Amino acid sequence: MPSTAILGLQWGDEGKGKLVDQLCSEHDVCVRFQGGGNAGHTVYPDGRKVVLHHLPTGVLHKQCLNILGPGMVIDPHKLLEEIDELAKLGYKLAGRLVLSDRASITTAIHTALDAAREGDSNKIGTTKRGIGPTYADRYDRIAVRACDLLDKQSLREALERALAVRGPQLGSGAPKAEELVEPLLKAGSKLRPYISDSALVLHEALKEERRVLYEGAQGALLDVAYGTYPFVTSSHTLANGITAGVGLQSGVERVIGVTKAYCTRVGEGPFPTELGKAESEVLREKGGEFGATTGRPRRVGHIDLFALRYVCKLSGVTELAVTKLDVLSNMGELKLGIGYEGHKDPGLPADIRKFAALKPVYKAMPGWAENLGKARKGSDLPKAARAYLRFIEEFVGVKIGVISVGPERESAFAVKGAPKG
Ligand code: IMP
């Protein structure tokens, strides 16, 4: 049975949540494989706004089994809050949520380290959810893992191991192992029914030919290896993150890459096609561009097709989903980044100083004044919007499979390539 992945192609916030939500109804299993509570996937089931941070969007679909893979980092207290919130809305997760026993655990040590790092002049503009320090502990082999939450001695030993290294970095503000043990054990006892070897569960599901959806968080340009390092998140957000992040050779046939019709970024770091302050404000307000996790105003800019083409190659994207096309109505002439002055390389520079110096070259295209909110098929779109989409498709070299024109479930519709005419 073919598996599907949905991945962000920019700096996150591409509107993946709603598309995953739509696709969940055709899938039996929904899997998160990287990141943690830094994600903020906003969905509107039955018109009610739900923001998911750790949990896969499949939790909103009663037939879906949901997996938090070993590639994730989990704040158990925050995860329990999310589970409780959903229970209040009528979504029960008993028997449909699996948390990998190998997932790394974010504790007060990690959120304190994240906050301390963000206070210095080298700040990344993180979500302050402790993501970077938790992944750092994993690779330094001093992480607390989900399995440790189930055994007092293992938990204490894991915390002491972490504090031996991280305690001195935090100085007098470092939490004590004994302060952390009881609350974490208590969280562990609540999470116990969900914790197991999720790779085996997924293996069984694949053997039974159940339809699996891999839900990416953040975006390609935040990938820890291929993004705008060091202004990135600490996980592998490209398709290559899936295999290690679920613990299996997972074979994904359909890779849907999601891009906004323009571009946004939160946090620090270069953004070649960023708009000036006044223009930014207009688009930010029209697009409601404020972070789902932190509420921070997002930086906004023109779509960067050169970067898009590059990351589509890296992730083997088989189809594009273009979101928030409606936001571009009444914006006058539109610009699309098609390269950078003097930059001959087909890829993006690894060196952040070179990346920051890129000066975009634009293709200008006529805009449109029509409101697109009611469009439900390609032919409902004005000619200029269709031409805009066609240019994206031709430049990037990947067919458009989905167009989204509003926040409601039904405002994303499938197409077989950019609409003609
Ligand atoms: P961290 O993932 O909290 O360590 O943050 C690292 C960078 O990734 C910062 O620029 C964040 O703003 C960005 N980031 C992390 N998660 C998201 C997300 O879900 N959407 C957009 N940006 C994100």
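Cut-off values and rules
Residues numbered from 1 in each chain as written. Predicted model: local features only at pLDDT ≥ 70, side-chain atom pairs only at ≥ 80, totals over all residues. Heavy atoms only, no water. Domains from an automatic or database assignment. Contact = heavy atoms within 4.5 Å. Buried area = accessible area lost by both parts, 1.4 Å probe. Salt bridge = Lys/Arg side-chain N within 4 Å of Asp/Glu carboxyl O. Polar contact = N/O pair within 3.5 Å; in protein donor to acceptor, adjacent residues only side chain to side chain. Helix = DSSP H or I, 4+ residues; strand = E, 2+ residues; numbered from the N terminus. Phe/Tyr/Trp six-rings, centres within 6.5 Å; stacked < 30°, edge-to-face > 60°. Buried < 20%, exposed > 50% of the residue type's maximum accessible area, 1.4 Å probe, protein only. 1 Å grid on protein atoms, 1.4 Å probe; cavity = no way out; pocket = protein on both sides within 12 Å on 5 of 7 lines; lining within 4 Å. Points joined across faces, edges and corners; volume = space filled by probe spheres on them. Nonpolar A, V, L, I, M, F, W, Y, C, P; charged D, E, K, R; others polar. Lys, Arg positive; Asp, Glu negative; His and termini not counted. Pairing = 2+ DSSP bridges. Near = heavy atom within 4 Å. Areas by Shrake-Rupley, 256 points an atom, 1.4 Å probe, with all protein chains shown as cover.

Concerning the domain arrangement of the protein
Interface size, as often reported, equals the accessible area lost upon joining of the parts.
Reasoning step 1: Here the domain parsing of the protein yields domain 1 (3-100 + 194-255), domain 2 (104-191) and domain 3 (259-414).
Reasoning step 2: Put simply, the middle of domain 1 and the middle of domain 2, counted by C-alpha atoms, are 22 Å apart.
Reasoning step 3: With 26 residues of domain 1 in contact, the opposing surface of domain 2 contributes 20 residues.
Reasoning step 4: For the domain 1 and domain 2 pair, buried surface summed over both sides reaches about 1,900 Å², with 68% attributable to carbon and sulfur atoms.
Reasoning step 5: There are 0 salt bridges connecting domain 1 and domain 2.
Reasoning step 6: There are 9 residue pairs in polar contact (both at pLDDT 80 or more) connecting domain 1 and domain 2.
Reasoning step 7: For the side of domain 1 that touches domain 2, the secondary structure elements donating two or more residues are strand E6 (73-74), helix H2 (76-88) and strand E7 (97-100).

Brief notes about the packing of aromatic side chains
By convention here, two paired aromatic rings are described through the distance between centres and the angle between planes.
Reasoning step 1: Scanning the entire structure with this criterion turns up 4 aromatic pairs.
Reasoning step 2: For the ring pair Phe 306 and Tyr 340, a centre distance of 5.1 Å and an interplane angle of 75° mean the geometry is edge-to-face. With Phe 306 in helix H10 (residues 305-315) and Tyr 340 in strand E16 (residues 334-340), this pair connects stretches of sequence that are 34 residues apart.
Reasoning step 3: The exposure class of Phe 306 is buried, given its relative accessible area of 6%.

Concerning empty space enclosed by the protein
Empty space left among the atoms is revealed by rolling a probe the size of a water molecule over them.
Reasoning step 1: Throughout the structure, instances matching the rule amount to 1 cavity of 30 Å³ or more.
Reasoning step 2: Lining the largest cavity are Gln 10, Trp 11, Leu 221, Cys 263, Asp 304, Ala 307 and Leu 308.
Reasoning step 3: Classifying every residue of the lining of the largest cavity gives 5 nonpolar, 1 polar and 1 charged.
Reasoning step 4: Summarising the domain contributions, the lining of the largest cavity has at least three residues from each of domain 1 (3-100 + 194-255) and domain 3 (259-414).

Section: the side chain of Glu 215
Reasoning step 1: The topology assignment puts Glu 215 in strand E10 (residues 212-215).
Reasoning step 2: Buried charge Glu 215 goes without a salt bridge, the closest partner of opposite sign being Arg 32 at 5.7 Å.
Reasoning step 3: Here His 41 takes part through its side chain, which lies 2.7 Å from a polar atom of the side chain of Glu 215.
Reasoning step 4: Those residues in contact with Glu 215 that sit more than four places away from it in its chain are Ile 6, Val 20, Cys 30, Val 31, Arg 32, Phe 33, His 41, Pro 56 and Thr 57.

Some words on the pattern of salt bridges
Reasoning step 1: Scanning the model with the defined rule gives 21 salt bridges in all.
Reasoning step 2: Its salt-bridge partner being Glu 182, residue Lys 152 comes within 3.1 Å of it at the nearest N-O pair. You can see Lys 152 sitting in helix H5 (residues 152-170) and its partner Glu 182 sitting in helix H6 (residues 177-191), a full 30 residues away along the chain.
Reasoning step 3: Judged by its relative accessible area of 44%, Glu 182 falls in the partly exposed class.
Reasoning step 4: Ionic contacts of the salt-bridge type, sharing partners, join the residues Asp 13, Lys 260, Glu 289, Arg 298 and Lys 324 into one network.

Comments concerning the pairing of strand E1 (residues 4-8)
Reasoning step 1: Burial analysis of E1 places 5 of its 5 residues in the buried class, which makes it a mostly covered element.
Reasoning step 2: Alternating positions in E1 separate into two faces, Thr 4, Ile 6 and Gly 8 on one and Ala 5 and Leu 7 on the other, with burial throughout.
Reasoning step 3: Two strands pair when backbone bridges link them, and E1 and strand E11 (residues 254-260) are joined in this way by 5 bridges, in the parallel orientation. Each residue of the ladder has a partner; that of Gly 8, found in E11, is Val 258.
Reasoning step 4: For E1 and E10, the ladder comprises 3 bridges, and the chain directions are parallel. Each residue of the ladder has a partner; that of Ile 6, found in E10, is Glu 215.

As for the site of the ligand
Reasoning step 1: Taken together, the neighbourhood of the ligand is formed by 16 residues, with Asp 13, Asn 38, Thr 127, Thr 233 and Arg 296 sitting nearest.
Reasoning step 2: At 2.6 Å from an oxygen atom of the ligand is found a side-chain nitrogen or oxygen belonging to Thr 127.
Reasoning step 3: When the ligand sits alone it has 470 Å² of accessible area, and the protein chains cover 96% of it.
Reasoning step 4: Here the shell around the ligand is built from residues that sort into 7 nonpolar, 7 polar and 2 charged.

Comments concerning the pairing of E7
Reasoning step 1: Covered by surrounding structure in E7 are Leu 97 and Leu 99 together with Val 98 and Ser 100, the residues of both alternating faces.
Reasoning step 2: Where strand E5 (residues 65-68) and E7 come together, 3 bridges link them in parallel fashion. By the bridge assignment, Ile 67 is partnered in E7 with Val 98.
Reasoning step 3: Relative to strand E9 (residues 195-196), E7 runs parallel, the two being bridged by 2 bridges. Looking at E9, one finds that Leu 99 is bridged to Ile 195.

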